[in-house]
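So the chains spell out like this:
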Amino acid sequence: MTCDTTQLRGVLIRKFGLEAGTLAGDAPLFSSGLLDSFNLVDLIEHLEQTANIRITPGEISLENLDTLDRMAAFVTRKSAAAV
Amino acid sequence: MVGAAELRARVEALAAWLLRHGLRRRDRVGIYLHPSIDQFVALLAVSLAGGVFVVLNHRWSPAQVARAMAHTGMRWLFTQAGKMSALAAPAQALGCPLIVREPGLGPGPSVPWPASGPVEPLPGFPALSDRDLAAILYTSGSTGLPKGVMISHRNFLDASHRIAEYLGNHHGDRVLALLPCSAPWGVLQLTTMLQAGGQVVLPGASMPAEVARSIRQHRVTGLAGLPPTWIGLVDYLEDRGETLPELRFVTTSGGVIPDRVLEAMPRVFPRAEVFQTYGLSEAFRSTLVPPSWFARKRGSLGRPCRNVDVFVVQPGKGRCGPGERGELVHRGAVVTLGYWADPEATAASFRSCPELREEISDEIVHYSGDIVEMDAEGFLWFVGRRDGLLKINGHRVSPEEIESAAVRAGAVAHAVAFGLEDQSGCHGICLAIQPARAAAFDRAEFDRRLRDALPSYQFPRKLSVWAEPMPLSAPGKVDRAAVIRRSFGEPET
């Protein structure tokens with residue numbers, strides 16, 4: 001299952017009340033403080049449920065999750081591996 | 001990186017500016033900034049100039065900040081340009097200019113952050129008494145809105161010395177400052193390092209991977225953290241089979257940590273001593289499990305520190321012995337001065353204790369609201385709360401506050417907020433609401449308004465919208481237990 005940046009943008013807008021204008025594909029989400037650790041927990045839960053993947057603690061990093069583009073690529077990779 | 005001399009220069013310059021612009025002794029000055037060197041400089045400068053710093057959690061909403069502005073009669077508020085438009089109206093109405101690094105970007109009164117650099121001869125900074133307030137820091141109670149705890153210079157100095165002593169802080173220490181300065185424990189990260197001549201390292205993102213990276217990159221020697229920090233960091237390290245031998249001390253507090261996480265700490269922090277501690281905003285850093293007792297007393301609140309008096313009392317009965325449950329009461333220099341402009345709340349928690357009259361007469365003590373039990377070795381164990389206050393991820397959360405915010409967010413007849421623990425041991429808030437008119441309920445609008453009213457750490461993780469009326473235990477009174485039982489396990493709507 002592919003997960004794309006547009007879908008994830010929608011998730012962030014709905015879940016965290018963010019504005020579309022602040023969410024370019026490469027805009028830093030966590031390192032910028034736009035989302036915090038409480039948002040992270042919610043987001044992980046959502047990604048695991050909707051993409052049917054399990055994200056291990058060791059995978060929770062800025063490399064995998066700090067931008068919409070990275071997040072989409074990460075979830076896509078995980079979904080493919082789970083199949 | 002800012003060295004001691006430069007820090008001093010910046011603090012003195014800012015303090016001088018405040019005095020030249022009319023700061024009077026004991027005036028309150030707000031700080032609503034991300035954790036940063038600016039935040040540290042501002043709070044130290046306000047203190048040096050004889051004012052009272054009011055650090056507000058940067059996650060607070062503008063509405064909450066405005067309330068604190070009015071409540072404390074704030075003279076100025078240090079904040080960021082991004083917050084200016086939301087705060088312009090209250091700043092104008094209350095005569096509290098915003099001090100920002102980029103002025104002129106919005107309406108309302110603002111002044112530029114004073115430039116550092118050599119100034120004219122420094123004014124004489126006022127001599128203070130140790131009873132003078134250093135700060136007003138807000139904390140939630142079980143009822144009503146957050147209360148401003150009045151913290152004296154003595155309270156901070158006493159605690160700072162206590163902590164630095166048991167941690168053995170020295171000039172080679174580098175502390176990663178994860179705790180916010182909107183809570184006393186956060187400020188103490190800064191004071192203990194200033195005292196010891198050590199270093200404060202500001203973290204990047206709070207993700208465990210980033211915390212580990214900061215620790216390695218800056219050779220951090222110790223840190224203090226709340227339960228989510230430890231759960232996240234330990235799980236991360238164990239998942240990757242990694243350790244952090246850089247750390248020589250770790251301090252836990254703020255609530256329950258799953259035993260599996262505590263038990264793993266000696267493995268993932270192989271060179272660290274673990275200090276389990278306890279305290280409240282109203283009486284902070286009061287008890288400790290010495291590291292040598294860690295393995296035997298995992299999960300304990302500890303024993304009272306030096307120069308701290310703690311009693312366990314049962315109202316109407318007396319002092320509790322080992323194995324008996326009672327409320328933990330603090331007495332002495334550890335007790336803060338009360339709640340700002342809230343005599344009722346102050347009188348409710350800071351009062352004399354009839355059960356101690358024989359020993360200390362009617363001396364004022366602080367009732368923690370925590371029910372505890374002491375074991376045979378004198379170690380305290382948390383049993384529960386006397387009231388309904390929740391401790392979620394190290395933050396006090398008042399169910400009433402969330403319920404009020406939900407009802408104010410509009411078109412909600414009843415709201416029930418409660419805490420829930422997930423599999424990994426993290427706590428979250430669940431909110432069940434009964435819309436006034438189910439058919440007309442706008443979920444997105446409700447979310448938006450609730451988000452405006454509550455900071456992220458109070459925001460419910462699960463929302464259950466009741467399509468049918470909630471069960472009542474009495475006319476007009478919701479049966480909370482029944483609502484919680486039925487909402488538990490309902491799929492997220």
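Residues numbered from 1 in each chain as written. Chains lettered and ligands numbered in written order. Predicted model: local features only at pLDDT ≥ 70, side-chain atom pairs only at ≥ 80, totals over all residues.

Colleague: Help me understand the overall build of chain A, please; the structure alone is not making it clear to me.
Modeller: Counting secondary structure elements, chain A contains four helices and zero strands. Walking chain A from its N terminus toward its C terminus, one meets helices and strands in the order α-α-α-α. Radius of gyration (C-alpha) of chain A: 12 Å, near the 12 Å computed for a compact globule of 83 residues. For the C-alpha atoms alone, the extent of chain A along its principal axes is close to 35 × 25 × 20 Å. Counting across all 83 residues of chain A, residues that qualify as buried make up 27%. (Helix = DSSP H or I, 4+ residues; strand = E, 2+ residues; numbered from the N terminus. Rg over C-alpha atoms; globule rule 2.2 N^0.38 Å. Buried ≥ 20, exposed ≤ 12 C-beta atoms within 10 Å, placed from the backbone.)

Colleague: Can you help me understand the pairing of strand 20 (residues 380-385) of chain B in this one?
Modeller: Side-chain direction in a regular strand flips from residue to residue, so the side chains alternate between the two faces of the sheet. All names here are of chain B. As paired strands, strand 19 (residues 364-374) and strand 20 are joined by five bridges and run antiparallel to one another. Across the sheet, the residue bridging to V372 is F382, located in strand 20. Linking strand 19 to strand 20, which pair antiparallel, is a turn of five residues; within it G378 sits at a positive phi near 90°. (Pairing = 2+ DSSP bridges.)

Colleague: Which parts of the structure should I look at to understand the sheet that holds strand 24 (residues 427-435) of chain B?
Modeller: Residues and elements named next belong to chain B. Across the sheet, three strands lie side by side as 23-24-25; this open sheet has mixed pairing. Edge positions in the sheet fall to strand 23 (412-421) and strand 25 (462-465), since each has one partner strand and no second. Direction aside, the axes of adjacent strands within the sheet are offset by 20° on average. Relative to the sheet, helix 12 (residues 399-408) contacts strand 23 and strand 24, its axis offset from that of strand 23 by approximately 145°. Helix 14 (residues 480-487) contacts strand 23, strand 24 and strand 25 of the sheet and is inclined by roughly 65° relative to strand 23. (Axes fitted to C-alpha atoms, helices over the stretch in contact; angles between N-to-C directions. Contact = placed C-beta atoms within 7 Å.)

Colleague: It is not clear to me how helix 2 (residues 37-48) of chain B should be interpreted in this structure. Could you clarify?
Modeller: Note on helix geometry: an α-helix contains 3.6 residues per turn, so any two residues three or four positions apart are oriented the same way. All names here are of chain B. Taking 1.5 Å per residue as the helical rise, helix 2 with its 12 residues ought to reach 16 Å, and the 16 Å between its terminal C-alpha atoms agrees with that figure. If you check which residues of helix 2 are buried, you get Q39, F40, V41, A42, L43, L44, A45, V46, S47 and L48. Buried residues belonging to helix 2 abut helix 1 (4-20), strand 1 (28-32), strand 2 (52-55), strand 3 (76-79), strand 6 (133-139) and helix 6 (184-196). One or two residues past the end of helix 2 sits G50, with phi positive at roughly 90°. (Expected span 1.5 Å × (residues − 1).)

Colleague: So what exactly am I meant to see when it comes to the domain arrangement of chain B here?
Modeller: When the parts of a complex come together, some accessible area is lost, and that lost area is often taken as the interface size. All names here are of chain B. Segmenting chain B into domains produces domain 1 (4-128), domain 2 (153-385) and domain 3 (398-487). Taken together, the contacts link five residues of domain 1 with six residues of domain 3. Class assignment for the residues of the side of domain 1 that touches domain 3 results in two nonpolar, two polar and one charged. (Domains from an automatic or database assignment. Nonpolar A, V, L, I, M, F, W, Y, C, P; charged D, E, K, R; others polar.)

Colleague: Just checking my understanding: could you explain the interface of chain B and chain A for this structure?
Modeller: Listed per partner, the contact involves 22 residues of chain B and 17 residues of chain A. Among the elements of the structure, helix 7 (208-217), helix 8 (227-240) and helix 13 (443-453) of chain B are those that each provide at least two residues to the side of chain B that touches chain A. With five residues, the single largest contributor to the side of chain B that touches chain A is helix 8 of chain B. In terms of residue class, the side of chain B that touches chain A is made up of nine nonpolar, four polar and nine charged.

Colleague: What's the story with the packing of helix 8 of chain B against helix 9 (residues 259-268) of chain B in this structure? I'm lost.
Modeller: Each pair of packed helices can be described by the angle between their axes along with the distance between the axes. Residues and elements named next belong to chain B. Their axes nearest at 10 Å, the elements helix 8 and helix 9 cross at an angle of 55°. Relative to helix 9, the element helix 8 is oriented oblique. Every pair of crossing elements has a handedness; the one defined by helix 8 and helix 9 is left-handed. The segment helix 8 lies against helix 9, with W230, I231, V234, L237 and E238 engaging V261, A264, M265 and V268. (Parallel < 35°, antiparallel > 145°, perpendicular 65-115°, else oblique. Left-handed = near helix turned anticlockwise from the far one by under 90°.)

Colleague: Can you walk me through unusual backbone geometry in this structure?
Modeller: Trans is the prevailing form of peptide bonds, just as negative phi is the prevailing case for residues other than glycine. Residue and element names in this part refer to chain B. Non-glycine residue R26 carries a positive phi angle of around 75°. The phi dihedral of S361 falls on the positive side, at around 55°, and the residue is not glycine. The topology assignment puts S361 in the loop between helix 11 (357-360) and strand 19.

Colleague: Explanation requested: the pairing of strand 15 (residues 309-314) of chain B in the structure shown.
Modeller: Residue and element names in this part refer to chain B. The sheet contact formed by strand 15 and strand 17 (residues 325-331) spans five bridges and is antiparallel. Looking at the pairing, V312 lines up with L328 of strand 17. Pairing of strand 15 with strand 16 (residues 318-319) involves two bridges; the strand directions are antiparallel. By the bridge assignment for strand 16, Q314 is matched with G318. The turn linking strand 15 back onto strand 16 is made up of three residues, and G316 within it adopts a positive phi angle of 85°.

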